[in-house]
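Commentary on secondary and tertiary structure
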Amino acid sequence: MKKNIPGLFSFQQLWGCPALIFLTALFLCGAIAGGAAGHLAADSNPQLITQLSVALGAQVEPDAIDGLYAALGALGWQAAALLAGWARPASLFLSLAAMARGFALSFSVSALSGTLGIDGIWQSFAASGAAAVITVPCLLLTAAACFTAAQQAPHGHKNGYFYALGRYRGVLLLCTLGAMWAAALQVPVGWAVGHWLLGKG
């Protein structure tokens, strides 16, 4: 008979659950809106986008502090999901968090690619695209755990949300550490790609 370690195998409970599908759909809605807004920004003020691109490409070689800041940024998104699940109504705030993440990522890609073409796509990849392959699923899984915990929280319990969230502690821990690791690793990778683009130009 298989024994389930509490919180460690909660991925099976969350993967494909309605909350994850719902939040993923909202993330995509935010990405579509961000793409449209990025194209408008590229058309209306391409000089500003170009200046930002040059500033990103001219960054000096990153150090450990830059990696720490990037990891803290990923931790901030994870913490935002936890707080959104604690707020009421949790479904509204978690939906806004998922849409905001999709909007932010898509806006940068759309604005840079609309102004610089293929080089803009590479620069978006250097800035956050590579890490997003890991940080976005981590955020959506965390948000789905928070969404489910908010629905399952026992009524009348002072810390009911955090009590219900405890059953997903394995997911929260692994997603948070994974997102922070990916964001920190993105810093040297992004700098190398940006340096290559600068030399190519």
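Residues numbered from 1 in each chain as written. Predicted model: local features only at pLDDT ≥ 70, side-chain atom pairs only at ≥ 80, totals over all residues. Heavy atoms only, no water.

Section: unusual backbone geometry
We count it as follows: Numbering of helices and strands starts at the N terminus; helices are DSSP runs of H or I of at least 4 residues and strands are runs of E of at least 2.
In this structure, proline 89 follows arginine 88 across a cis peptide bond, with omega equal to 0 degrees. Its place among the elements puts proline 89 in the loop between helix H4 (64-86) and helix H5 (90-116).

Overview of the nonpolar core
The condition that has to hold: We call a set of buried Ala, Val, Leu, Ile, Met, Phe, Trp, Tyr and Cys residues a nonpolar core when their side-chain atoms join them within 4.5 Å. Any residue under 20% of the maximum accessible area for its type is buried, any over 50% is exposed, and the rest in between are partly exposed; the area is computed with a 1.4 Å probe on protein chains only. When checking whether two residues touch, look at their non-hydrogen atoms; a contact exists if any pair is within 4.5 Å.
Leu14, Leu23, Leu94, Leu140 and Ala144 are the most contacted members of the largest nonpolar core, which has 35 residues in total. Counting only elements with at least two residues in this core, the list comes to helix H2 (18-44), H4, H5, helix H6 (118-152), helix H7 (160-165) and helix H8 (169-200). The greatest single-element share of this core, amounting to 13 residues, is contributed by H6. With residues up to four places along the chain from it excluded, the contact list for alanine 144 reads Leu14, Cys17, Ala19, Leu20 and Leu23.

Regarding a nonpolar patch on the surface
Note the following rule: Residues enter a patch when their relative accessible area is above 30% and they make no salt bridge; the linking distance is 9 Å between like charges and 5 Å between nonpolar side chains (Val, Leu, Ile, Met, Phe, Trp, Tyr). In short, Shrake-Rupley with a 1.4 Å probe defines the accessible areas, and a residue's cover is counted only from the protein chains shown. The term salt bridge refers to a pairing of a side-chain nitrogen on Lys or Arg with a carboxyl oxygen on Asp or Glu at a separation within 4 Å.
A surface patch of nonpolar side chains, about 470 Å² in accessible area, is lined by Ile65, Leu68, Tyr69, Leu72 and Leu75. Looking at the element boundaries, leucine 68 is found in helix H4. In this structure leucine 68 comes out as partly exposed when scored by relative accessible area, which is 44%.

Section: the packing of aromatic side chains
The geometry of an aromatic ring pair is captured by the separation of the ring centres together with the interplanar angle, meaning the angle of the planes. As a reminder, the rule being used: The criterion for an aromatic pair is that two Phe, Tyr or Trp rings (for Trp, the six-membered ring) have centres within 6.5 Å, with stacked assigned to planes under 30 degrees apart, edge-to-face to planes over 60 apart and tilted to the rest.
The tally for this structure, following the rule as stated, stands at three aromatic pairs. Ring geometry for tyrosine 161 and phenylalanine 162: centres 5.0 Å apart, planes at 65 degrees, overall edge-to-face. Residue classification places tyrosine 161 among the buried positions, given a relative accessible area of 4%. A relative accessible area of 46% means that phenylalanine 162 is categorised as partly exposed.

Observations regarding the side chain of serine 106
The cut-off we apply is this: Nitrogen and oxygen atoms within 3.5 Å of one another constitute a polar contact, given that in protein one can donate a hydrogen and the other can accept it, and given that sequence-neighbouring residues count only through two side-chain atoms.
Looking at the element boundaries, serine 106 is found in helix H5. For serine 106, a relative accessible area of 17% corresponds to the buried category. A distance of 3.0 Å separates the side chain of serine 106 from the backbone nitrogen of glycine 35, its partner in a polar contact. Here serine 106 is in contact with Ala31, Gly34 and Gly35, once residues within four sequence places are set aside.

Thoughts on the environment of serine 106
As for serine 106 and alanine 31, which are separated by 75 residues in sequence, their C-alpha atoms are 5.0 Å apart. Side-chain polar atoms of serine 106 contact the backbone oxygen of alanine 31, separated by 2.6 Å.

As far as function goes, none of this settles anything; it's purely spatial.
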